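Structural overview
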Amino acid sequence: MNPHASNPYMFILKAEPERYIKTPSAALVALIKAAEGAVAMFWVFRLFDYMKQLFDGKAGALPLEILAVLLPNKITALILPGRIPNGGMIGKYLCWAVTIIMTVILICMTVEAVAALLLRFALQGAKLFQVTHKVIYIASIALLLAAAATCVPLIMGLTQSGIKIYQLFLSGGEKLLGPVRPLLVTLACMLLLLLRISYHKGVVTVLSAIEYEIRLEFKETAMNTVHISRDALLLVLICIGAACAAGFLVGWVTPAVPAMLVLAVKYYAVYSCWGDFRRCHR
């Protein structure tokens, strides 16, 4: 006898997580995240090497150095000056902080790859997925604060050199791209981090609901407002734009182009997954 047959309310609240988890979009997200996990593990070892350089005093000008560690040389040559400005002791402390935060994020991405595969193909690992993503969300906020702090030595360096920032912005051209380029890159990173923080916050909320439904088998009916559809589509556009920029400026055969396009596919698949989840919770 069906225990919910005499209680329609309980029947309505019955969760069916497989309806929005066992989908082609979710499978695509899981497989791409598995590839991301492998790349993240490679980057962890590169950051360990960078930590050794920090410990030996051979690095630590500003956190912008870490972009050169993680990104291909041709890409960093476009977005960063040949020499990273010296941030003094503040810069060294910020380098240590950002390196540790990035290492935590990359380790979480590696673990998350396994959790994503388990969730999609075995309806397991939702709690692990939720915890790692929450750590990434908190770490992204810490990265945003570190990026904001990085602006301080950059602005101080420009001021002490007698350069007036507003004059550089008015003049534009090479005068702007030279001394102000590190500051512009930092501000661009901050804007991207703000978007990713909003995105991760929404994903954490949804993963919390998924974990609840798998564990208790009841549908989550009280979930905070999220902006996953908006954030995912913005990230799709940013990834496509980055792929086109890399293609035109560096060359279409550079690994950055397919990498950005794969990320664009992933974020569109996330957008599709959110649509599946929302349809199951109307």
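Below, the structure is looked at part by part. This is a predicted model, so every value here is computed, not measured.

**Points about the overall build of the chain**
For the chain, the count of helices and strands is 12 helices and 0 strands. In sequence order, the chain lays out its α and β elements as α-α-α-α-α-α-α-α-α-α-α-α. The buried share of the chain, taken over its 282 residues, is 43%. Contacts spanning at least 24 positions in sequence make up 76% of the contacts within the chain whose residues lie at least 6 apart. When the accessible area of the chain is evaluated, it comes to approximately 15,200 Å², of which 69% is carbon and sulfur surface.

**Side note on the pattern of salt bridges**
By the definition in use, this model includes 9 salt bridges. One salt bridge connects Lys-52 with Asp-56, and the closest N-O pair in it is separated by 3.2 Å. For Asp-56, a relative accessible area of 39% corresponds to the partly exposed category. The salt bridge involving Arg-279 is made with Asp-276; its shortest N-O contact spans 2.3 Å. Highlighted residues: Arg-279 and Asp-276, both in helix 12 (residues 256–279), separated by 3 residues, approximately one helical turn. What you see here is one network of salt bridges that share partners, running through Lys-33, Glu-36, Glu-112 and Lys-266.

**Quick word on helix 12**
Since one α-helical turn is 3.6 residues long, residues separated by three or four positions face the same way. Taking 1.5 Å as the rise per residue, helix 12 with 24 residues should run 34 Å; its terminal C-alpha atoms sit 35 Å apart, in good agreement. The set of residues buried in helix 12 consists of Ala-256, Val-257, Ala-264, Lys-266, Tyr-267, Ala-269, Val-270, Cys-273, Trp-274, Gly-275, Asp-276 and Phe-277.

**Some remarks on the packing of helix 3 (residues 24–55) against helix 6 (residues 88–122)**
At their nearest, the axes of helix 3 and helix 6 sit 7 Å apart, and the two run at 155 degrees to each other. As far as their axial angle goes, helix 6 and helix 3 are roughly antiparallel. By crossing handedness, the relation of helix 3 to helix 6 is classed as left-handed. Taken together, the residues of the contact of helix 3 with helix 6 break down into 26 nonpolar, 4 polar and 4 charged.

**Section: the packing of aromatic side chains**
Aromatic ring pairs are described here by two measures, namely the spacing of the ring centres and the angle between the planes. Counting across every chain of the model gives 6 aromatic pairs. Ring centres 5.0 Å apart and planes at 75 degrees place the aromatic pair Phe-248 and Trp-252 in the edge-to-face group. A relative accessible area of 66% means that Phe-248 is categorised as exposed. Taking the centre distance of 5.7 Å and the plane angle of 20 degrees together, the rings of Trp-274 and Phe-277 count as stacked.

What counts, and at which threshold
Residues numbered from 1 in each chain as written. Predicted model: local features only at pLDDT ≥ 70, side-chain atom pairs only at ≥ 80, totals over all residues. Heavy atoms only, no water. Helix = DSSP H or I, 4+ residues; strand = E, 2+ residues; numbered from the N terminus. Buried < 20%, exposed > 50% of the residue type's maximum accessible area, 1.4 Å probe, protein only. Contact = heavy atoms within 4.5 Å. Areas by Shrake-Rupley, 256 points an atom, 1.4 Å probe, with all protein chains shown as cover. Salt bridge = Lys/Arg side-chain N within 4 Å of Asp/Glu carboxyl O. Expected span 1.5 Å × (residues − 1). Axes fitted to C-alpha atoms, helices over the stretch in contact; angles between N-to-C directions. Parallel < 35°, antiparallel > 145°, perpendicular 65-115°, else oblique. Left-handed = near helix turned anticlockwise from the far one by under 90°. Nonpolar A, V, L, I, M, F, W, Y, C, P; charged D, E, K, R; others polar. Phe/Tyr/Trp six-rings, centres within 6.5 Å; stacked < 30°, edge-to-face > 60°.

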